[in-house]
Amino acid sequence: MSKTIFITGASSGLGKETAKLFQQKGWQVIATMRNPEKEKELNQLPNVQLFPLDVTNQEQVKNTIGHVLSKFDVDVVFNNAGYGMVGGFEAYSETDISRQIETNLVGVLRVAQPFITYFRESKKNGILLTTTSAAGIAANPLASVYSATKFALEGWSEAVNYEVNQFGIRLKTIAPGGMSTDYAGRSLSYVENEIYTPLWNKMLAGFEDGSTDVHFSSADDVAKVIYEAATDNKPQLRYVVGPDAEKIANDRQELGQQKQFEHISKLYS
């Protein structure tokens, strides 16, 4: 019998590629997004069901998940909805900060909670996967609140594992480095402040020439790791994806926080 995965943020980028990969592997895919009526590709695939879901809308999250669980037996949840926000922290408005935290952190918790109850009550060995980031291992300049949400998701996922592993439920994080998706387009919010423009320009140049250790992986490659995490039956907490993310994780372990901080500081000085 085929398994079923529930995906948030499936309208583009990593979420869409993951939906397509799991569909190709014979899974039933529940692809959720804010505006499913605009989707022109996933809705053409067999065994893919589209549902509306804005993770910042508490009532819609409750209703959509309730509706899905009344019709499908879900085996894996992939919490992928989110966006990046960059800019000097002092320029962020309270609305900027609240929206970033509500989407990237609270939205994930809001989706995960009812599924944990569902997995426990139905005695399923359910898996909850969450997209974090290399920025949740070592923070990025000009991405302070984004990095904060990703650090928080890593800590939350680890903590909940202590609670629910006894029920056969596992939480895992997927921490990619740079990805060649539209993330730097419509999924990226830039808070303008001319004081920090030179630093932002240096970061952009580093994306182009690799001088700041950023290397872009394809969404296809990251999706393959998500499939691995969903199917390998390993009690692994975090899957680091991409050469830049692997370097960041290794440096954090081998150099320690202070030395790594000094190294990253030099890249942007």
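Structure: above.
Summarised in this report is the structure supplied together with it. (Residues numbered from 1 in each chain as written. Predicted model: local features only at pLDDT ≥ 70, side-chain atom pairs only at ≥ 80, totals over all residues. Heavy atoms only, no water.)

## A closer look at the overall build of the chain
Then comes step 1: Of the regular secondary structure elements, the chain holds eight helices and 11 strands.
Then comes step 2: The C-alpha atoms of the chain give a radius of gyration of 18 Å, which matches the 18 Å a tight globule of 269 residues would have.
Then comes step 3: Each principal axis of the C-alpha distribution contributes one length, and for the chain these read about 55 × 40 × 35 Å.
Then comes step 4: Classification of the 269 residues of the chain by burial places 48% in the buried group.
Then comes step 5: Taking all contacts inside the chain whose residues are at least 6 apart in sequence as the whole, residues at least 24 apart take part in 68%.
Then comes step 6: Only carbon and sulfur atoms are counted for the fraction: they give 49% of the accessible area of the chain, which is about 13,200 Å².
Then comes step 7: Treating the 26 positive side-chain charges of the chain as one cloud and the 31 negative ones as another, the clouds have centres 6 Å apart. (Helix = DSSP H or I, 4+ residues; strand = E, 2+ residues; numbered from the N terminus. Rg over C-alpha atoms; globule rule 2.2 N^0.38 Å. Buried < 20%, exposed > 50% of the residue type's maximum accessible area, 1.4 Å probe, protein only. Contact = heavy atoms within 4.5 Å. Areas by Shrake-Rupley, 256 points an atom, 1.4 Å probe, with all protein chains shown as cover. Lys, Arg positive; Asp, Glu negative; His and termini not counted. Charge placed at Lys NZ, Arg CZ, Asp CG, Glu CD.)

## Points about empty space enclosed by the protein
Leftover empty space is mapped by rolling, across the atoms, a probe with the size of a water molecule.
Then comes step 1: Enumeration according to the criterion identifies one cavity of 30 Å³ or more in this entry.
Then comes step 2: Within this model, the largest cavity holds a volume of roughly 40 Å³.
Then comes step 3: Lining the largest cavity, in full, are Asn79, Asn80, Ala81, Gly82, Asn104, Val108, Thr130, Thr131, Lys150 and Leu153.
Then comes step 4: When residues of the lining of the largest cavity are traced back to their parent elements, those giving at least two are α3 (94-121), β6 (127-131) and α4 (144-164). (1 Å grid on protein atoms, 1.4 Å probe; cavity = no way out; pocket = protein on both sides within 12 Å on 5 of 7 lines; lining within 4 Å. Points joined across faces, edges and corners; volume = space filled by probe spheres on them.)

## Examining the sheet that holds strand β2 (residues 28-33)
Then comes step 1: Sheet architecture is open: seven strands sit in the order β3-β2-β1-β4-β6-β7-β11, paired in parallel fashion. Of all the strands in the sheet, the pair left with one neighbour each is β3 (48-52) and β11 (238-241). With strand direction ignored, the average angle separating the axes of adjacent strands in the sheet is 20°.
Then comes step 2: Sheet topology note: the strand β4 (residues 76-79)/β6 ladder contains four bridges and is parallel. Considered in β6, the bridge of Val77 is made with Leu128.
Then comes step 3: Across the sheet, helix α2 (residues 58-71) lies against β1 (4-7), β2 and β3, angled at about 155° from β3, the strand it touches most.
Then comes step 4: The sheet contacts of helix α7 (residues 243-254) involve β7 (170-176) and β11, and relative to β11 the element is tilted by about 125°. (Pairing = 2+ DSSP bridges. Axes fitted to C-alpha atoms, helices over the stretch in contact; angles between N-to-C directions.)

## Focus on the layout of surface pockets
Then comes step 1: Its boundaries defined by the atoms lining it, the second largest pocket holds a volume of some 290 Å³.
Then comes step 2: Lys3, Asn125, Gly126, Ile127 and Asn233 are the residues nearest the centre of the second largest pocket, which is lined by 15 residues in total.
Then comes step 3: When residues of the lining of the second largest pocket are traced back to their parent elements, those giving at least two are β7 and α6 (219-231).
Then comes step 4: Its residues assigned to classes, the lining of the second largest pocket comprises four nonpolar, five polar and six charged. (Nonpolar A, V, L, I, M, F, W, Y, C, P; charged D, E, K, R; others polar.)

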